[in-house]
Amino acid sequence: PNLKDERARIEKNGGRVVFDGYANHRVYAKNARYPGLNMSRCLGDLMGHADCGISCEPEVSDRELKPDDTHLLLCSDGVWEF
């Protein structure tokens, strides 16, 4: 949610983004203290989708694999948060 376009999408859809004072930007419902997620996209969070503007649409990029590519990491917010 710290990216400008993600923040704009969240705010347009009724949510708000707040810096937690430590390391993360968190998403909340407009006039509430929930859910406090540090991601702007997720699957299955009904409250986040309905009240906060969180999207289940993934952000996708393509990369052509080369012979020297040896690892592929698929990680969620729990890996990248800190």
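Since this is a predicted model, take the numbers as computed values, not measurements.

Thresholds, definitions, all that
Residues numbered from 1 in each chain as written. Predicted model: local features only at pLDDT ≥ 70, side-chain atom pairs only at ≥ 80, totals over all residues. Heavy atoms only, no water. Helix = DSSP H or I, 4+ residues; strand = E, 2+ residues; numbered from the N terminus. Polar contact = N/O pair within 3.5 Å; in protein donor to acceptor, adjacent residues only side chain to side chain. Contact = heavy atoms within 4.5 Å. Salt bridge = Lys/Arg side-chain N within 4 Å of Asp/Glu carboxyl O. Buried < 20%, exposed > 50% of the residue type's maximum accessible area, 1.4 Å probe, protein only. pLDDT = per-residue confidence, 0-100. Pairing = 2+ DSSP bridges. Core = buried A, V, L, I, M, F, W, Y, C linked by side-chain atoms within 4.5 Å. Axes fitted to C-alpha atoms, helices over the stretch in contact; angles between N-to-C directions.

## A closer look at the side chain of R9
Right, so step 1: Secondary-structure assignment places R9 in helix α1 (residues 4–12).
Right, so step 2: Engagement of the side chain of R9 in a polar contact is seen with the side chain of E6, the distance being 2.9 Å.
Right, so step 3: Each residue touching R9, except ones within four places of it in the same chain, is listed here: S40, R41, G53, I54 and S55.

## Topic: the pattern of salt bridges
Right, so step 1: In this structure the tally under the stated criterion is 5 salt bridges.
Right, so step 2: For R26, the salt bridge identified is with D20, shortest N-O distance 3.4 Å.
Right, so step 3: Where R63 meets D69, a salt bridge forms, and the shortest distance between an N and an O atom there is 2.8 Å.
Right, so step 4: On the accessibility criterion, D69 (28% relative accessible area) is partly exposed.

## A short note on the confidence of the model for the chain
Low-confidence regions, as indicated by low pLDDT, have predicted coordinates that should not be scrutinised in detail.
Right, so step 1: Averaged over the chain, the pLDDT score is 87; the fraction of residues at 70 or greater is 91%.
Right, so step 2: Per-element confidence in the chain is highest for strand β1 (residues 15–19), whose mean pLDDT is 95, and lowest for helix α3 (residues 77–80), whose mean pLDDT is 65.

## Some details on the pairing of β1
Right, so step 1: Note: β1 against strand β2 (residues 25–29), 5 bridges, orientation antiparallel. Each bridged residue has a counterpart across the sheet, and for F19 the counterpart in β2 is H25.
Right, so step 2: The turn linking β1 back onto β2 is made up of 5 residues, and G21 within it adopts a positive phi angle of 85°.

## Quick look at the nonpolar core
The nonpolar side chains of a soluble globular protein tend to be buried with one another.
Right, so step 1: Counting 10 residues, the largest nonpolar core consists of I10, V17, V27, A29, A32, L37, M39, C42, C52 and I54.
Right, so step 2: Apart from residues no more than four positions distant in its own chain, C52 is found in contact with I10, N13, G15, V27, Y28, A29, Y34, P35 and M47.

## Some details on the sheet that holds strand β3 (residues 35–37)
Right, so step 1: Pairing within the open sheet is antiparallel, and its 3 strands lie in the order β1-β2-β3. Two strands close off the open sheet at either side, each with one partner strand: β1 and β3. Going from strand to strand, the sheet's axes swing by 30° on average, the running direction of each strand aside.
Right, so step 2: As paired elements, β2 and β3 share 2 bridges and run antiparallel to each other. Paired with V27 across the two strands is L37, which belongs to β3.
Right, so step 3: Taken strand by strand, α1 contacts β1 and β2, and its axis lies near 135° from that of β1.

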